[in-house]
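Descriptive structure summary
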Amino acid sequence: MERKVVFSGLQPTGNIHIGNYLGALRNWVLLQDDYDAIYCVVDLHAITVPYEPEDLRRDRVETAKLLLAIGIDPERSLLYYQSQVRQHVELAWLLATLTPLGVLNRMTQFKEKSDKAGRNLGLYAYPVLMAADIMVHKAHAVPVGEDQTQHLEVTRDLAEKFNNRFGEEFPVPEQITPKVGARVMSLQDPTSKMSKTDPDARSKVLLVDPPQVIRKKIRSAVTDSGHEIEYDREKKPGVSNLLEIMSQFTGRSIDDLVAEYHDTLYGHFKDAVADAVIEGLAPIRDAYTALADADVEALMLDGAKVARERAEDSMASVRAKMGF
Ligand code: TYM
């Protein structure tokens, strides 16, 4: 039986953090075993906010290196840069003609980002390009964090709409999101999500942060009033966030951690969280530093070649169905 396709994308905006890892990237690695896995560094999405070309060039290869370092295995997964497979953009245009403006007007990420970065058509059309990424590979499953739920709904609607209008072509993809870690919160403001673009470096732990930096950031994490280590995302958002992070890095349940740390001091608990994160990230950091840019760029070109062939197969059928 043919394996189902899993697809996901990561923006090369630098600052890749444990929220990205726990919410999405860890599942990317796990899903390689059971799916036909296709993963993409979505560089065309990254230019929807102001940027510098030399930063993009650097961040792109660093992002690719990080994906290899966490365990994306080019023997088992197809990995490439979005901009090297033009079919993504072509399908985005075709799907744009099926996308009502009302749907795009409701997107919370557009509202949030356009407040900060200004409005442009690319940012507005971001969810349509994302749908095209997924659909050009006829993906069945998409591992992402909770913040992408709205975009996935748009994708599913577009797949159904296309199939109804032009004939069966696309699977309606399911979202794969972890039970714990789907929305890792900022260490400095546990009521908002950990974000690559937060200017406060202490708000997030990066995958390549050195151990002493990780410890410092976790020690300075905002905690809540009261002294008990308890899990309650409403009343104790800071401690609950740290419990979730620790649970994900140790594989222990939250109940188990609460039982052990309930009566300990915040300082002691935070050190234990830091230990778990440092230990979990050490192999990633080691693997990352061992990779050479030139080798990675060659690998990405190979990936793009295969991805182009696969995407072109889909596009030939899509074009024919649409009357071209
Ligand atoms: P990006 O690069 O912004 O985020 C990458 C992944 O990290 C998840 N994530 C989080 N998960 C938990 N807690 C957080 N604080 C947190 N912050 C980010 C995101 O949900 C995402 O899964 N739009 C996508 C990129 C994309 C894409 C695609 C994804 C473009 N095309 C097609 C899937 C399929 C994004 O926001 O990436």
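Given the structure is predicted, the values throughout are model-derived calculations rather than measurements. (Residues numbered from 1 in each chain as written. Predicted model: local features only at pLDDT ≥ 70, side-chain atom pairs only at ≥ 80, totals over all residues. Heavy atoms only, no water.)

Let us look at the site of the ligand. With respect to spatial proximity, 28 residues lie near the ligand, and among them Tyr126, Asp133, Asp147, Val184 and Lys196 are the closest. Contact distances for the ligand include 2.7 Å between a nitrogen atom and a side-chain N or O atom of Asp133. Between the ligand and Gly145, the relevant distance is 2.8 Å, taken from an oxygen atom to a main-chain nitrogen or oxygen of the residue. Taking 710 Å² as the accessible area of the ligand by itself, protein coverage stands at 96%. Of all elements in the fold, only β1 (5-10), α1 (18-31) and α8 (126-136) reach the threshold of two or more residues within the shell around the ligand. (Near = heavy atom within 4 Å. Polar contact = N/O pair within 3.5 Å; in protein donor to acceptor, adjacent residues only side chain to side chain. Areas by Shrake-Rupley, 256 points an atom, 1.4 Å probe, with all protein chains shown as cover. Helix = DSSP H or I, 4+ residues; strand = E, 2+ residues; numbered from the N terminus.)

Turning next to the domain arrangement of the chain. For interface size, the figure often reported is the accessible area lost on association. What the domain assignment reports for the chain is domain 1 (5-176 + 292-322) and domain 2 (201-288). The gap between the C-alpha centroids of domain 1 and domain 2 is 30 Å. Counting residues at the interface gives 13 residues for domain 1, matched by 13 residues for domain 2. Summing both partners gives a buried area of about 1,300 Å² for domain 1 against domain 2, and 74% of it is carried by carbon and sulfur. (Domains from an automatic or database assignment. Contact = heavy atoms within 4.5 Å. Buried area = accessible area lost by both parts, 1.4 Å probe.)

This part takes up the packing of aromatic side chains. Counting across every chain of the model gives 6 aromatic pairs. Considering the side-chain rings of Tyr261 and Phe269, the 5.7 Å spacing of their centres and the 55 degrees angle between planes classify their relative orientation as tilted. There is no split in this pair, since Tyr261 and Phe269 are both buried. Clustering of aromatic rings is evident, with ring pairs tying together Phe162, Phe166 and Phe170. The ring of Tyr81 has Arg60 sitting right over it, with the charged end atom 3.9 Å from the ring centre. Across from the ring centre of Tyr288, 5.0 Å away, lies the NZ or CZ of Lys65, which sits over that ring. (Phe/Tyr/Trp six-rings, centres within 6.5 Å; stacked < 30°, edge-to-face > 60°. Buried < 20%, exposed > 50% of the residue type's maximum accessible area, 1.4 Å probe, protein only. Lys NZ or Arg CZ within 6 Å of the ring centre and 35° of its normal.)

Moving on, we get to the pairing of strand β2 (residues 36-41). When you tally the buried positions in β2, you get 5 out of 6 residues, the bulk of the element. Running through α1, the crossover from β1 to the neighbouring parallel element β2 is right-handed. By the bridge criterion, 5 bridges tie β2 to strand β3 (residues 77-81) in an arrangement that is parallel. The partner of Val41 across the bridge, within β3, is Tyr81. (Right-handed = clockwise from strand over helix to strand, strands pointing away. Pairing = 2+ DSSP bridges.)

It is worth spelling out the pattern of salt bridges at this point. This model, assessed by the stated rule, comprises 21 salt bridges. A cluster of three or more residues bridged by salt bridges with shared partners is formed by Arg215, Arg219, Asp271 and Asp275. (Salt bridge = Lys/Arg side-chain N within 4 Å of Asp/Glu carboxyl O.)

β1 sits mainly inside the fold: 5 of its 6 residues count as buried. When β1 meets β2, the two strands line up parallel, connected through 6 bridges. Bridge pairing links Leu10 to Val41 in β2.

Turning next to the packing of α8 against helix α9 (residues 149-166). To describe two helices that pack against each other, one gives the angle between their axes and the distance between the axes. Close contact between α8 and α9 brings their axes to 9 Å; oriented N to C, the two are set at 65 degrees. Crossing hand, α8 versus α9: right-handed. Contact with α8, carried on its side by Tyr126, Pro127, Met130, Ala131, Ile134 and Met135, involves His151, Leu152, Val154, Thr155, Leu158 and Ala159 of α9 and no other residues of that element. Split into classes, the residues belonging to the contact of α8 with α9 amount to 10 nonpolar, 2 polar and no charged. (Axes fitted to C-alpha atoms, helices over the stretch in contact; angles between N-to-C directions. Left-handed = near helix turned anticlockwise from the far one by under 90°. Nonpolar A, V, L, I, M, F, W, Y, C, P; charged D, E, K, R; others polar.)

So, about α9. Under the 1.5 Å per step criterion, the end-to-end length of α9 is 26 Å for 18 residues, consistent within 8% with the ideal 26 Å. For α9, the complete set of buried residues consists of His151, Leu152, Val154, Thr155, Leu158, Ala159, Phe162, Asn163 and Phe166. Buried positions in α9, seen along its axis, are confined to an arc of 165 degrees and lie on one side of it. Along α9, the residues that are exposed and aim more than 90 degrees away from the buried face are Asn164 and Arg165. Positioned one or two residues after α9, Gly167 has a phi angle of 110 degrees, which is positive. (Expected span 1.5 Å × (residues − 1). Arc of directions from axis to C-beta.)

As a further point, take the environment of Val222. Within the secondary structure, Val222 is located in the loop between α10 (211-219) and α11 (237-250). Looking at Val222, the relative accessible area reads 32%, which means it is partly exposed. Here the alpha-carbon distance between Val222 and Gln188, two residues 34 residues apart in the chain, equals 5.3 Å.

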